[in-house]
Amino acid sequence: SRALAPSRARLPYPPPFPASSSFSTAASPSRLLSRPRRGFQRLPPVRAMASGNPYAAELAAAKKAVTLAARLCKVTRLVPFSPPSCGLRSERPSAPHFSGGSQILVSLVLKMEVSSGPFSLVAEEDSEELRKDGAGEILEEITDLVNETLVDDGSYNISFTKEGILSAIDDGKSEGGPSGRHWVLDPIDGTKGFLRGDQYAIALALLDEGKVVLGVLACPNLPLSSISNTNGSSSGDQVGALFSATIGCGTEVESLYGSPAQKVTVCSIDNPVDASFFESYESAHSMHDLTSSIAEKLGVLAPPVRIDSQAKYGALARGDGAIYLRFPHKGYKEKIWDHAAGSIVVTEAGGIVTDAAGNDLDFSKGRFLELDTGIIATNKQLMPSLLKAVQQSIEEKKQATSLL
Ligand SMILES: Nc1ncnc2c1ncn2[C@@H]1O[C@H](COP(=O)(O)OS(=O)(=O)O)[C@@H](OP(=O)(O)O)[C@H]1O
Ligand SMILES: [Mg+2]
């Protein structure tokens with residue numbers, strides 16, 4: 001591990017060299033100390049095990065990165081929240097705090113733990129909004145949030161300055177592409193679910209020569225046991241699942257708070273009558289009328305299970321449901337960070353992920369996916385009949401709309 005041992009003086013990040021007036025030496029200790037310590041255990045140092053996995057070091061770093069980011073995202077539960085009506089400033093940070101903070105922590109851990117080659121990150125957030133006039137307070141709060149999470153964990157002897165935060169977010173501006181290695185990150189996938197207190201994921205994948213070779217999904221609100229009967233909400237069981245997959249090595253799930261990893265596989269259902277399907281919670285994100293027509297054609301009897309984010313891919317990978325359908329409205333362009341990690345988590349668990357024409361997803365084209373109509377995923381047994389139903393339903397929808 002290249003993790004640094006903690007010392008009394010915390011180093012500003014990035015280091016103030018060459019000399020720059022925009023770096024302060026450390027985040028304000030009074031702000032940091034004014035919030036309660038969260039009592040997390042320090043994350044273990046990254047250790048690449050001799051496992052025959054050619055990406056073992058990258059996988060260990062990716063797991064550590066999303067686990068630390070998940071801790072930052074959970075802070076609302078532990079910080080006192082003053083409702084705006086009582087006249088006090090709310091202490092509850094908003095979605096951009098978490099998304100930006102999550103991206104910075106993931107980028108930091110990857111840079112600290114993975115030494116091979118140049119660093120390239122294709123990620124959702126950039127610093128544009130934070131550089132605008134009037135964004136000073138939110139920038140300060142993100143800086144505090146990131147530094148507090150680092151202090152709580154204690155793995156790294158680093159404290160971000162505000163300028164360091166801005167430049168670290170912009171680490172995510174890579175265009176990706178067909179050659180070399182690129183990390184692909186959605187720092188909070190399923191923002192709407194996150195805001196509702198429902199499902200969301202921190203989704204991180206690695207592309208090597210245009211192929212997804214590794215994916216991790218931290219799903220802080222996903223129950224560790226199956227959600228097949230709970231429609232995605234917490235069943236009262238322990239929540240916080242971490243899925244991980246590496247090419248040729250299968251998919252595993254473990255608790256985000258530490259437990260032995262267990263291999264998972266997609267379900268083995270071969271009769272659609274016994275199948276259930278996942279789709280987006282938000283009807284603006286996937287056409288629920290089309291998915292219901294597909295389900296009817298297949299003979300699926302169960303109602304749709306609607307959950308936010310790539311938690312759907314994780315749930316599919318461990319067999320909580322049999323099918324995932326995603327059909328954005330016309331004109332929407334899919335981003336690679338919304339599917340890279342989820343797709344390998346499913347394929348390494350024995351499933352298939354394709355577009356609506358049955359083509360594999362191609363992550364080598366830059367920040368967007370070029371695909372035919374939608375994304376579908378299921379097991380090998382159900383895929384032929386699913387593809388047929390999808391194509392028939394799309395054709396019918398096209399004919400019906402051209403008649404209008
Ligand atoms: N209009 C529209 N159509 C299709 N998809 C959209 C649209 N707008 C957003 N997005 C993307 O959907 C991501 C959320 O994932 P899901 O749609 O699977 O989950 S959800 O149920 O809708 O929350 C969501 O991810 P996050 O932005 O990370 O939350 C977006 O990338
Ligand atoms: Mg997303």
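With an unreviewed UniProt entry as reference, the protein chain is termed 3'(2'),5'-bisphosphate nucleotidase, source organism Digitaria exilis. Here the protein chain is described in UniProt, under the heading Sequence similarities (unreviewed entry), as follows: "Belongs to the inositol monophosphatase superfamily."

A. Spatial organisation of the environment of Ser 283. Along the chain, Ser 283 turns up in the loop between strand E10 (277-279) and helix H7 (288-298). Residue classification places Ser 283 among the partly exposed positions, given that 13 C-beta atoms sit within 10 Å. Remark: the alpha-carbon pair of Ser 283 and His 329, spanning 46 residues in sequence, is separated by 9.3 Å.

B. Structural view of unusual backbone geometry. Of note, Ser 309 is a non-glycine position whose phi angle comes to about 75 degrees, a positive value. Within the secondary structure layout, Ser 309 lies in the loop between strand E11 (305-306) and helix H8 (311-317). Backbone geometry places Thr 373, a non-glycine residue, at a positive phi of 65 degrees.

C. Representation of the site of ligand 1 within the structure. Around ligand 1, the surrounding shell holds 20 residues, and the nearest of these are Ser 280, Tyr 281, Glu 282, His 285 and Asp 308. Within the residue set of the shell around ligand 1, elements represented by two or more residues are strand E4 (181-189) and helix H6 (191-196). When its residues are assigned to classes, the shell around ligand 1 shows five nonpolar, eight polar and seven charged.

D. Focus on the packing of helix H3 (residues 95-113) against helix H4 (residues 136-153). Put simply, H3 and H4 touch, their axes get as near as 9 Å, and they point 50 degrees apart. Between H3 and H4, the angle falls in the class oblique. Regarding H3 and H4, the two cross each other, and that crossing is right-handed. Between H3 and H4, the contacting residues are Pro 96, His 97, Gly 100, Gly 101, Ile 104 and Leu 105 on the first element and Ile 138, Glu 141, Ile 142, Leu 145, Val 146 and Thr 149 on the second. Of the residues belonging to the contact of H3 with H4, the class tally is seven nonpolar, four polar and one charged.

E. Structural detail: the sheet that holds strand E8 (residues 250-255). Strand order across the open sheet formed by seven strands is E2-E4-E5-E6-E7-E8-E9, with mixed pairing between neighbours. On the outer flanks of this sheet lie strand E2 (121-123) and strand E9 (262-264), each paired with one strand and no other. Strand-to-strand, the axes of this sheet are offset by a mean angle of 20 degrees, without reference to chain direction. Taken together, the seven bridges between strand E5 (residues 201-208) and strand E6 (residues 211-223) define a ladder with antiparallel strand orientation. Across the sheet, residue Ile 202 finds its bridge partner in E6, namely Ala 218. Contacting E2, E4 and E5, H3 runs over the sheet at an angle of about 150 degrees to E4.

Conventions we followed
- Residues numbered from 1 in each chain as written.
- Chains lettered and ligands numbered in written order.
- Predicted model: local features only at pLDDT ≥ 70, side-chain atom pairs only at ≥ 80, totals over all residues.
- UniProt positions renumbered as here; feature names shortened; annotations may be inferred.
- Helix = DSSP H or I, 4+ residues; strand = E, 2+ residues; numbered from the N terminus.
- Buried ≥ 20, exposed ≤ 12 C-beta atoms within 10 Å, placed from the backbone.
- Near = placed C-beta within 6 Å.
- Nonpolar A, V, L, I, M, F, W, Y, C, P; charged D, E, K, R; others polar.
- Axes fitted to C-alpha atoms, helices over the stretch in contact; angles between N-to-C directions.
- Parallel < 35°, antiparallel > 145°, perpendicular 65-115°, else oblique.
- Left-handed = near helix turned anticlockwise from the far one by under 90°.
- Contact = placed C-beta atoms within 7 Å.
- Pairing = 2+ DSSP bridges.

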